[in-house]
Amino acid sequence: MATSRRKTGPGRWQGAVIVDVVFEDGLLFLAVQNIGDAPARSVSVRFDRALPGVGGRIDVATLALFRNIEFLAPRKSIRTFLDTTESWFARAAPTRFAARVTYVDAAGRRRSATVAHDLEIYRDIGYVRCGANEGGKDGSAT
(Lines give C-alpha, C1' and ligand atoms only; values in the text may rest on other atoms or scores of the structure.)
Protein backbone atom coordinates (compact mmCIF):
# COMPACT_ATOMS: atom_id res chain seq x y z
CA MET A 1 0.00 0.00 0.00
CA ALA A 2 1.53 3.31 -1.07
CA THR A 3 1.57 6.23 1.30
CA SER A 4 1.09 9.85 0.28
CA ARG A 5 4.41 10.87 1.82
CA ARG A 6 6.27 9.03 -0.95
CA LYS A 7 4.41 10.74 -3.80
CA THR A 8 5.42 14.06 -5.23
CA GLY A 9 3.37 17.00 -6.36
CA PRO A 10 1.47 19.88 -4.79
CA GLY A 11 0.02 19.05 -1.39
CA ARG A 12 1.75 15.66 -1.25
CA TRP A 13 4.16 14.63 1.49
CA GLN A 14 7.59 13.94 0.04
CA GLY A 15 9.64 12.99 3.05
CA ALA A 16 10.08 10.42 5.73
CA VAL A 17 12.45 12.62 7.78
CA ILE A 18 10.90 15.41 9.81
CA VAL A 19 11.73 17.91 12.55
CA ASP A 20 9.26 17.73 15.39
CA VAL A 21 8.78 19.63 18.64
CA VAL A 22 8.60 17.39 21.71
CA PHE A 23 6.96 18.73 24.88
CA GLU A 24 7.71 16.93 28.17
CA ASP A 25 6.91 18.32 31.61
CA GLY A 26 7.39 21.95 30.59
CA LEU A 27 10.51 21.25 28.53
CA LEU A 28 10.74 21.74 24.76
CA PHE A 29 12.98 19.63 22.54
CA LEU A 30 13.63 19.61 18.79
CA ALA A 31 13.80 16.14 17.27
CA VAL A 32 15.06 15.05 13.86
CA GLN A 33 13.04 11.90 13.18
CA ASN A 34 13.13 9.30 10.47
CA ILE A 35 9.48 8.24 10.46
CA GLY A 36 10.05 5.96 7.49
CA ASP A 37 10.94 2.30 7.13
CA ALA A 38 14.25 2.86 5.31
CA PRO A 39 17.44 4.67 6.31
CA ALA A 40 18.18 8.25 5.31
CA ARG A 41 21.60 9.66 4.48
CA SER A 42 23.04 13.17 4.43
CA VAL A 43 20.23 14.64 6.52
CA SER A 44 20.33 18.41 7.01
CA VAL A 45 17.88 20.94 8.39
CA ARG A 46 17.56 24.65 7.63
CA PHE A 47 15.36 26.80 9.84
CA ASP A 48 13.66 29.94 8.54
CA ARG A 49 14.71 31.92 11.62
CA ALA A 50 17.01 31.87 14.61
CA LEU A 51 15.80 29.81 17.59
CA PRO A 52 17.18 31.47 20.74
CA GLY A 53 17.02 28.50 23.10
CA VAL A 54 18.50 27.49 26.45
CA GLY A 55 17.39 30.70 28.13
CA GLY A 56 18.25 32.73 25.02
CA ARG A 57 21.96 31.88 25.31
CA ILE A 58 22.39 29.93 22.06
CA ASP A 59 20.81 29.78 18.63
CA VAL A 60 19.70 26.15 18.63
CA ALA A 61 19.12 26.32 14.86
CA THR A 62 22.89 26.54 14.32
CA LEU A 63 23.82 23.32 16.14
CA ALA A 64 25.94 20.78 14.24
CA LEU A 65 23.08 18.29 14.64
CA PHE A 66 21.15 20.18 11.97
CA ARG A 67 24.02 20.55 9.49
CA ASN A 68 24.68 16.90 8.66
CA ILE A 69 23.52 13.58 10.00
CA GLU A 70 25.41 11.16 7.79
CA PHE A 71 23.08 8.21 8.54
CA LEU A 72 19.67 8.15 10.24
CA ALA A 73 18.28 4.68 10.79
CA PRO A 74 14.60 3.89 10.19
CA ARG A 75 12.33 4.95 13.07
CA LYS A 76 15.25 6.68 14.80
CA SER A 77 15.03 10.07 16.47
CA ILE A 78 17.80 12.42 17.62
CA ARG A 79 16.74 15.30 19.82
CA THR A 80 18.21 18.32 21.53
CA PHE A 81 16.93 20.56 24.30
CA LEU A 82 15.38 23.82 23.08
CA ASP A 83 14.21 25.54 26.27
CA THR A 84 11.67 25.46 29.06
CA THR A 85 8.25 26.79 28.16
CA GLU A 86 8.52 29.22 31.06
CA SER A 87 11.74 30.73 29.69
CA TRP A 88 10.64 30.66 26.05
CA PHE A 89 7.41 32.55 26.60
CA ALA A 90 8.83 34.93 29.24
CA ARG A 91 11.36 36.15 26.64
CA ALA A 92 8.70 36.53 23.98
CA ALA A 93 10.77 34.26 21.72
CA PRO A 94 9.28 33.53 18.29
CA THR A 95 6.55 30.92 18.36
CA ARG A 96 6.30 30.20 14.63
CA PHE A 97 9.08 28.68 12.59
CA ALA A 98 9.60 26.29 9.71
CA ALA A 99 12.25 23.62 9.23
CA ARG A 100 13.28 22.44 5.75
CA VAL A 101 14.69 18.91 5.89
CA THR A 102 16.72 17.48 3.03
CA TYR A 103 18.16 13.98 2.81
CA VAL A 104 18.99 11.14 0.45
CA ASP A 105 16.60 8.18 0.59
CA ALA A 106 17.49 4.48 0.32
CA ALA A 107 17.09 4.60 -3.46
CA GLY A 108 19.61 7.46 -3.73
CA ARG A 109 17.00 10.15 -4.48
CA ARG A 110 17.34 13.60 -2.93
CA ARG A 111 14.21 14.35 -0.87
CA SER A 112 13.01 17.39 1.02
CA ALA A 113 10.09 18.50 3.11
CA THR A 114 9.21 21.62 5.07
CA VAL A 115 7.56 21.26 8.45
CA ALA A 116 5.93 24.33 10.06
CA HIS A 117 5.54 24.63 13.84
CA ASP A 118 3.81 27.03 16.21
CA LEU A 119 4.99 26.75 19.81
CA GLU A 120 2.01 28.82 20.95
CA ILE A 121 0.08 25.57 21.44
CA TYR A 122 2.33 24.75 24.43
CA ARG A 123 1.87 28.08 26.25
CA ASP A 124 -1.08 27.08 28.45
CA ILE A 125 -0.45 23.37 28.90
CA GLY A 126 -0.20 22.47 32.57
CA TYR A 127 2.44 20.02 33.74
CA VAL A 128 3.85 18.51 36.89
CA ARG A 129 7.57 18.03 37.32
CA CYS A 130 8.18 14.67 38.90
CA GLY A 131 10.45 14.72 41.93
CA ALA A 132 9.90 18.40 42.68
CA ASN A 133 9.67 19.28 46.38
CA GLU A 134 7.29 21.81 47.77
CA GLY A 135 8.99 25.13 48.25
CA GLY A 136 10.95 26.65 45.41
CA LYS A 137 9.60 27.04 41.89
CA ASP A 138 12.34 24.77 40.52
CA GLY A 139 11.64 22.04 43.05
CA SER A 140 14.36 23.07 45.48
CA ALA A 141 13.59 23.78 49.11
CA THR A 142 13.49 27.41 50.10
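Described below are features of the structure shown in this document. (Residues numbered from 1 in each chain as written. Predicted model: local features only at pLDDT ≥ 70, side-chain atom pairs only at ≥ 80, totals over all residues. Heavy atoms only, no water.)

**Looking at the nonpolar core**
As a reminder of what qualifies: Within this scheme, the nonpolar core is defined by two criteria: the residues are buried Ala, Val, Leu, Ile, Met, Phe, Trp, Tyr or Cys, and they are joined through side-chain atoms within 4.5 Å. Relative accessible area decides the class of each residue, using a 1.4 Å probe on protein chains only: under 20% of the type maximum gives buried, over 50% gives exposed, and in between gives partly exposed. The helix and strand labels rest on DSSP assignments: H or I over at least four residues marks a helix, E over at least two residues marks a strand, and numbering proceeds from the N terminus. Here, residues are in contact when the closest pair of their heavy atoms is within 4.5 Å.
One finds Leu30, Val32, Val43, Phe47 and Leu119 to be the most contacted residues of the largest nonpolar core, which totals 28 residues. For this core, the elements supplying multiple residues, two or more each, are strand S1 (17-24), strand S2 (27-34), strand S3 (40-47), strand S6 (69-72), helix H1 (85-90) and strand S8 (96-104). In contact with Leu119, other than residues within four places in its own chain, are Val21, Leu28, Leu82, Trp88, Phe89, Pro94, Thr95 and Phe97.

**So, the sheet that holds S1**
What counts is decided by this rule: By this definition, two strands are paired if DSSP reports at least two bridges between them. All axes here are fitted lines through C-alpha atoms, helices being fitted over the stretch that makes contact, and every angle between N-to-C directions spans 0 to 180 degrees.
Here 3 strands make up an open sheet; going across it, the order is S1-S2-S7 and the pairing antiparallel. The open sheet terminates on both sides in strands that have one partner only, identified here as S1 and strand S7 (77-84). Ignoring strand direction, the axes of neighbouring strands in this sheet form an average angle of 25°. Where S2 meets S7, 7 bridges bridge the pair, whose relative direction is antiparallel. Bridge pairing in S7 links Leu27 to Thr84.

By themselves, these figures tell us nothing about what the structure is for.
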